[in-house]
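# Reading the structure
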Amino acid sequence: MEELLKSWDGESLITTFDRAAEAWIIIAIHSTILGPATGGTRMKVYGNLSEAVIDAQRLSAGMTYKWAAAGLDMGGGKAVIAVGPDMNAGERRPLLLRYGTLLNRLKGLFLTGPDSGTSVADMDLIGSKAPDYVFGRSVEAGGAGDPGPFTARGVLEALEVTAGQLFDDRSLKGKRIVVQGVGSVGLALARLLLEAGADVCFSDTDSQAVRQCREELGFEMISPDAIYDLDCDFFVPCALGGILNEKTIPRLRCQAVVGAANNQLGVPEDAQRLLKRGILYAPDFVVNCGGAVAITGMETRGWSEAEATSRVREAVNTNLITIYTMSDAQGITTDQAALRLAKNRLRNTQV
Ligand code: PHE
């Protein structure tokens, strides 16, 4: 654990053990160079505390680069609530309320929004204790609602830009697209892909999500295990991180990976592995900025939904074109190019 804390390049890590729910609350503040640390709150069962800390650290760095690349004056942070495998349903609400109280006591050191494992309803709960520090509350509670559809809109843009890059044609009509995970982003994206005339199949482990995607949209379901082996144009990770690794990359039979999940690469070298296999990788924190950009923009800058959508599309479009060009011209991976782009902006702000 000492090594974990020492080797991290972030600013501070706040840990609280919530005794009543036997849960760890970890708030990782990666960088406040551009503004207050802002990022989602993830709730998940982890194997151990180190895994949770590593996740919070990596996710909060991702937020720093996400905001920087998107051109917003926000800092990178992320919270992880590591719950036990058998926390009962009644514990969740008071835990979130206590977490809200904690955020309120931090007085804006960290601002949050929904992430995997938390919802708009959860933001309402947290926000009841920390009204000034929560994004993505329901419209009734004064928030801008679910970021998922905005993230999905950004992913659609990323798919179109990448199609333009690969096939000289942005249209997704008839393109074979494999979506891993149909949660709040994946399902919204599947709807957009249906409209775009793409040929979609998907996987998920949640039976309700599977039912919705099958029955409402009529898409074919693939077993989560077989998803990496499918012949397709685009592989679209919209579930959890670390899925592009030594084991899965050799199996992929896609032209490009363009998805919403955070931290898709197991380790940085996996970007090189993808490049060697001739698979174009659209860096996750560039592709998935939509929800965070739209919701914070609507709540703090008075953007309308339409303006938020066009800002998201513009950010994803310009950044990806720049990144693909940089990667070609400089002989670096797209992931390195994306980091360079984001770090340049951070450096230019640092005085
Ligand atoms: N889950 C979002 C992301 O990873 C975090 C977020 C959502 C932050 C909404 C602020 C507002 O980008």
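Residues numbered from 1 in each chain as written. Predicted model: local features only at pLDDT ≥ 70, side-chain atom pairs only at ≥ 80, totals over all residues. Heavy atoms only, no water.

The strands that make up a sheet pair up through hydrogen bonds in the backbone, lying either parallel or antiparallel. Spatially, the five strands line up as an open sheet ordered β1-β2-β4-β3-β5, and their pairing is mixed. Of all strands in the sheet, those bounded by a partner on one side alone are β1 (12–18) and β5 (110–114). Here the strands of the sheet are splayed against their neighbours by 20° on average, with no regard to which way each runs. As defined by bridge partners, β1 adjoins strand β2 (residues 23–31) across seven bridges and the pair is classed as antiparallel. (Pairing = 2+ DSSP bridges. Helix = DSSP H or I, 4+ residues; strand = E, 2+ residues; numbered from the N terminus. Axes fitted to C-alpha atoms, helices over the stretch in contact; angles between N-to-C directions.)

Further remarks concern the site of the ligand. Residues in contact with the ligand, as listed here, are G40, M63, K66, K78, P114, D115, F135, N262 and A292. One of the side-chain N or O atoms of K66 is found 2.6 Å from an oxygen atom in the ligand. Between a nitrogen atom of the ligand and a side-chain N or O atom of D115, the distance comes to 2.7 Å. Notes on the ligand: free accessible area 330 Å², of which the protein chains cover 92%. Of the residues that constitute the shell around the ligand, the class distribution is four nonpolar, two polar and three charged. (Near = heavy atom within 4 Å. Polar contact = N/O pair within 3.5 Å; in protein donor to acceptor, adjacent residues only side chain to side chain. Areas by Shrake-Rupley, 256 points an atom, 1.4 Å probe, with all protein chains shown as cover. Nonpolar A, V, L, I, M, F, W, Y, C, P; charged D, E, K, R; others polar.)

So, on to the side chain of N262. One can find N262 in the loop between β10 (256–258) and α8 (269–276). What makes N262 buried here is its relative accessible area of 15%. A distance of 3.2 Å separates polar atoms of two side chains, one belonging to N262 and the other to K66. A polar contact is formed between the side chain of N262 and the side chain of N288, at a distance of 2.8 Å. (Buried < 20%, exposed > 50% of the residue type's maximum accessible area, 1.4 Å probe, protein only.)

To continue, consider the sheet that holds strand β6 (residues 176–180). Taken in spatial order, the six strands line up as β8-β7-β6-β9-β10-β11 in an open sheet, and their pairing is parallel. Strands at the two margins of the open sheet, each flanked by one partner only, are β8 (220–221) and β11 (280–282). As paired elements, β6 and strand β9 (residues 234–237) share four bridges and run parallel to each other. Within the sheet, the bridge partner assigned to V179 lies in β9 and is V236.

Moving on, we come to the pairing of β2. β2 sits mainly inside the fold: eight of its nine residues count as buried. The antiparallel hairpin formed by β1 and β2 contains four residues in its connecting segment, where E22 sits at a positive phi of about 50°.

The backbone phi angle of E22 is positive, close to 50°, even though this residue is not glycine. Within the element layout of this structure, E22 appears in the loop between β1 and β2. Residues other than glycine seldom take positive phi values, yet N263 does so here, at roughly 50°. Counting through the fold element by element, N263 comes out in the loop between β10 and α8. Of the residues examined, N263 reaches a relative accessible area of 12% and is grouped as buried.

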